[in-house]
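Geometric and topological summary
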Amino acid sequence: MPAIVVLGAQWGDEGKGKATDLLATTDTIDYVVRTSGGHNAGHTIVVGGERFATHLLPSGILTPGCTSVIANGVVVSPEALFGELDALVARGVPEPRLVVSANAHVIASYHSTIDRVTERFLGRNRIGTTGRGIGPAYSDKINRVGIRVADLFDEGILRQKVEAAVDLKNHLLTKVYNRRAVDPASVVEELLSYADRLRPMVADTSLLLNRALDEGRTVLFEGAQATMLDVDHGTYPFVTSSNPVAGGVCTGAGVGPTRIDRVIGVIKAYTTRVGSGPFPTELLDTDGERLWEIGGEVGVSTGRNRRCGWYDAVIARYATRVNGLTDFFLTKLDVLSHWERIPVCVAYEIGGVRHDEMPMTQTEFHHATPVYEYLEGWGEDISGVRSFADLPKNARRYVEALEAMSGARIWGVGVGPGREQTLVVHG
Ligand code: GDP
Ligand code: IMO
Ligand code: MG
């Protein structure tokens, strides 16, 4: 199974870090690759009771012998990159093998400045971004005024590109947002200060990964963000500025679609979302508060509370469709042990009409109310269970019912944050 994609099937924070880490330690994975997003991600990995969080770095960074790759589709803040690497090494993680694409775009401090002032300007219409400069960096890329990693190694080019990049922004900052202008010379200085340390890590990662696949090596593409945050397929405009769906892996890594063997959608046994935007199964009652509390639903990157709601099979089927999922990895089943009866959204009602599939327009999605089916709870702690067959009958039925309505098989189920708290349903 040489090329595996792991991605988020809902609105993020499904447990992609755990799924990636699990695959990287149980199978022999040679490369773990990030292909989109930046340090807006927050992936938690719990190893031997110790908790790690990765943001820009691939979760394979904790697996000895595995090479971590930041591919061309990622937006890289050198400050975040080295901050994260240093923090891991300070905690005793062996100096990792990390390769960064020469074509990846760079996030400089002016991108996060613009991200924050834009959000403030939008007021109650804000997206609720992570404030990490992700949108402004991708806008520059598409506007063809972005700075790429390779530019850090040619001071003349870098100076020209930074001047071009900040010119228009300074008009915006000073005349619209009433802020101080960005000094291009200090941006150049900031970026050059990382160049020497970055240079040995930089490579043509498309060539590296395609050669690895030719040699039969196993490459795991670790998703960040999620299907419903995808700029094309998510709840636009309440999305991130990249393509976290399976197709984004190909453009984000320079690997063709024919090379991908397996696409795993990570999905929670209920649903969460951070930031603004529609969320049909959101619970604004005590059930929502209990999911938040029992599930520990606080953002890894920003510390914001996540909004919580029941499982949404319409979204699961949509994720299966737009990603061509071969499997699901269902996480946090243990959190639902506290309910006697568990609602699952099987369709939407919009203006009196039942929709079994995602409606065509965002306006319809904003007005969708869930049609629920109710499944029996199991009422006992399952966090110590280690095989699917040993789950209480109603917990197995819950998983099987979700599988039947979500469009792809569920290969694994999480019953706790630890590596060992995973049950294999289909080997
Ligand atoms: P990611 O962004 O998709 O990698 O997910 P996050 O790390 O942001 O959020 C997932 C949270 O759920 C983390 O705190 C994980 O440790 C935790 N987690 C993952 N799988 C399970 C599970 O099966 N059960 C429980 N209780 N927690 C889990
Ligand atoms: P992981 O990889 C959850 C959300 C933000 C905001 C929107 C746009 O941990 O699942 P951005 O800063 O990307 O421009 O913000 O996207 N968002 C995430 N929500 N998990 C994430 O990553 C997210 N990355 C971005 O909250 O609503
Ligand atoms: Mg997360």
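Residues numbered from 1 in each chain as written. Chains lettered and ligands numbered in written order. Predicted model: local features only at pLDDT ≥ 70, side-chain atom pairs only at ≥ 80, totals over all residues. Heavy atoms only, no water.

Comments concerning the overall build of the protein chain
To keep things clear, this is the line we draw: Only DSSP runs of H or I reaching four residues or more are called helices, and only runs of E reaching two or more are called strands; each is numbered from the N terminus. When we talk radius of gyration, it's over C-alpha atoms, and the globule rule is simply 2.2 Å times the number of residues to the 0.38. Only heavy atoms matter for contacts: two residues are in contact if any of them lie within 4.5 Å across the pair. Only the protein chains shown count as cover for residues, and the accessible areas themselves come from Shrake-Rupley with a 1.4 Å probe. In this tally, Asp and Glu contribute negative charge and Lys and Arg positive charge; neither His nor the terminal groups of the chain are included. Lysine's charge is taken at NZ, arginine's at CZ, aspartate's at CG and glutamate's at CD.
Of regular secondary structure, the protein chain possesses 12 helices and 20 strands. For 427 residues, the compact-globule estimate of 2.2 N^0.38 gives 22 Å, and the C-alpha radius of gyration of the protein chain, at 22 Å, lies within 12% of that figure. Dimensions of the protein chain along its principal axes, counting C-alpha atoms only, are 65 × 50 × 40 Å. Across the protein chain, every contact between residues at least 6 apart in sequence was considered, and the portion connecting residues at least 24 apart equals 75%. If you sum the accessible surface of the protein chain, you get close to 17,800 Å²; carbon and sulfur atoms cover 50% of it. Mean positive and mean negative side-chain charge positions of the protein chain (43 and 51 charges, respectively) differ by 2 Å.

Description of the site of ligand 2
This is how the line gets drawn: A cutoff of 4 Å decides nearness: a residue is near a molecule or strand if any of its heavy atoms lies inside that distance of it. Each polar contact in these results corresponds to two N or O atoms within 3.5 Å; when the atoms are within protein, one needs to be able to donate a hydrogen and the other to accept it, and residues that are neighboring in sequence are counted only if both atoms are side-chain atoms. Only Asp, Glu, Lys and Arg are considered charged in this grouping, and only Ala, Val, Leu, Ile, Met, Phe, Trp, Tyr, Cys and Pro are considered nonpolar; every other residue, Gly among them, is considered polar.
Around ligand 2, 20 residues are found, and the nearest of them are Asp13, Lys16, His43, Thr130 and Thr240. Within the backbone of Gly42, a nitrogen or oxygen atom sits 2.9 Å from an oxygen atom of ligand 2. Expressed as a share of its isolated accessible area of 550 Å², the protein-covered part of ligand 2 is 98%. Residues of the shell around ligand 2, tallied by class, amount to seven nonpolar, 10 polar and three charged.

Notes on the pattern of salt bridges
We count it as follows: Salt bridges are defined by distance alone: a side-chain nitrogen of Lys or Arg within 4 Å of a carboxyl oxygen of Asp or Glu. Residue exposure (1.4 Å probe, protein chains only): buried if accessible area is under 20% of the type maximum, exposed if over 50%, otherwise partly exposed.
All told, the structure shown has 18 salt bridges when counted by the stated rule. Linking Lys16 and Glu14 is a salt bridge whose minimum nitrogen-to-oxygen distance equals 2.8 Å. Like Lys16, the residue Glu14 is buried in the burial classification. Glu297 is the partner of Arg306 in a salt bridge, and the nearest nitrogen-oxygen pair spans 2.7 Å. Arg306 sits in the buried class, given a relative accessible area of 7%. Residues participating in the shared-partner salt-bridge network are Asp13, Lys268, Glu297, Arg306 and Lys332.

Here we look at the site of ligand 1
Taken together, 19 residues form the shell around ligand 1, and within it Lys16, Gly17, Gly42, Thr44 and Asp334 come nearest. Note that an oxygen atom of ligand 1 is positioned 2.8 Å from one of the backbone N or O atoms of Gly42. At a separation of 3.4 Å, an oxygen atom of ligand 1 approaches a polar backbone atom of Val415. Within the residue set of the shell around ligand 1, elements represented by two or more residues are helix 1 (16-26) and strand 3 (43-47). Here the element with the most residues in the shell around ligand 1 is helix 1; it accounts for three residues. Its residues assigned to classes, the shell around ligand 1 comprises three nonpolar, eight polar and eight charged.

Concerning the coordination of the magnesium ion (ligand 3)
In ideal tetrahedral geometry, four donors around a metal make angles of 109.5 degrees, whereas ideal octahedral geometry with six donors gives angles of 90 or 180 degrees. The criterion, for reference: A 2.8 Å cut-off from the metal defines N, O and S donors, relaxed to 3.2 Å for Na, K and Ca; water is not in the atom list, so some sites may appear incomplete.
With distances of 2.0 to 2.1 Å, the protein atoms coordinating the magnesium ion (ligand 3) are Asp13 (OD) and Gly42 (O). Placement of the pair is Asp13 in the loop between strand 1 (3-8) and helix 1 and Gly42 in the loop between strand 2 (31-34) and strand 3, with a sequence separation of 29 residues.

Things to note about the domain arrangement of the protein chain
Note the threshold: Domains are outlined according to an automatic or database domain assignment. When two components associate, each loses some accessible surface as probed by a 1.4 Å sphere; the sum of these losses over both components is called the buried area.
Segmenting the protein chain into domains produces domain 1 (3-101 + 202-264), domain 2 (105-196) and domain 3 (267-424). Contact residues are listed per partner, giving 23 residues for domain 1 and 17 residues for domain 2. Across the domain 1/domain 2 interface, buried area totals approximately 1,600 Å², and carbon plus sulfur atoms make up 67% of it. Summed over the three residues of domain 1 that lose the most area to domain 2, namely His39, Val75 and Pro78, the buried surface amounts to 32% of that side. Linking domain 1 with domain 2 are zero salt bridges.

Regarding the nonpolar core
Nonpolar side chains tend toward joint burial in soluble globular proteins. Applicable threshold: As used in this record, nonpolar core signifies buried Ala, Val, Leu, Ile, Met, Phe, Trp, Tyr and Cys residues forming a set joined through side-chain atoms within 4.5 Å.
By size, the foremost hydrophobic cluster in this structure holds 58 residues, and its most contacted members are Leu209, Phe221, Leu291, Tyr311, Leu333, Leu336 and Tyr398. With six residues, the single largest contributor to this core is helix 12 (residues 393-406). Summarising the domain contributions, this core has at least three residues from each of domain 1 (3-101 + 202-264) and domain 3 (267-424). When sequence neighbours within four positions are dropped, the list of residues in contact with Leu291 reads Tyr270, Leu283, Gly296, Glu297, Cys308, Gly309, Trp310, Val335, Leu336 and Trp339. Counting residues in hydrophobic clusters, the runner-up holds 39 residues, among them Leu81, Val93, Ala104 and Leu191.

Some points on the side chain of Asp151
Inspection of the secondary structure puts Asp151 in the loop between helix 4 (134-143) and helix 5 (155-176). The buried category is assigned to Asp151, whose relative accessible area is 8%. Apart from the residues lying within four places of it in its own chain, the contact partners of Asp151 are Gly146, Ile157, Leu158 and Lys161.

Thoughts on the environment of Thr174
Relative to the assigned elements, Thr174 resides in helix 5. Setting aside anything within four residues of it in sequence, one finds Thr174 in contact with Arg179, Arg180 and Ala181. A distance of 2.7 Å separates a polar side-chain atom of Thr174 from the backbone oxygen of Asn170.

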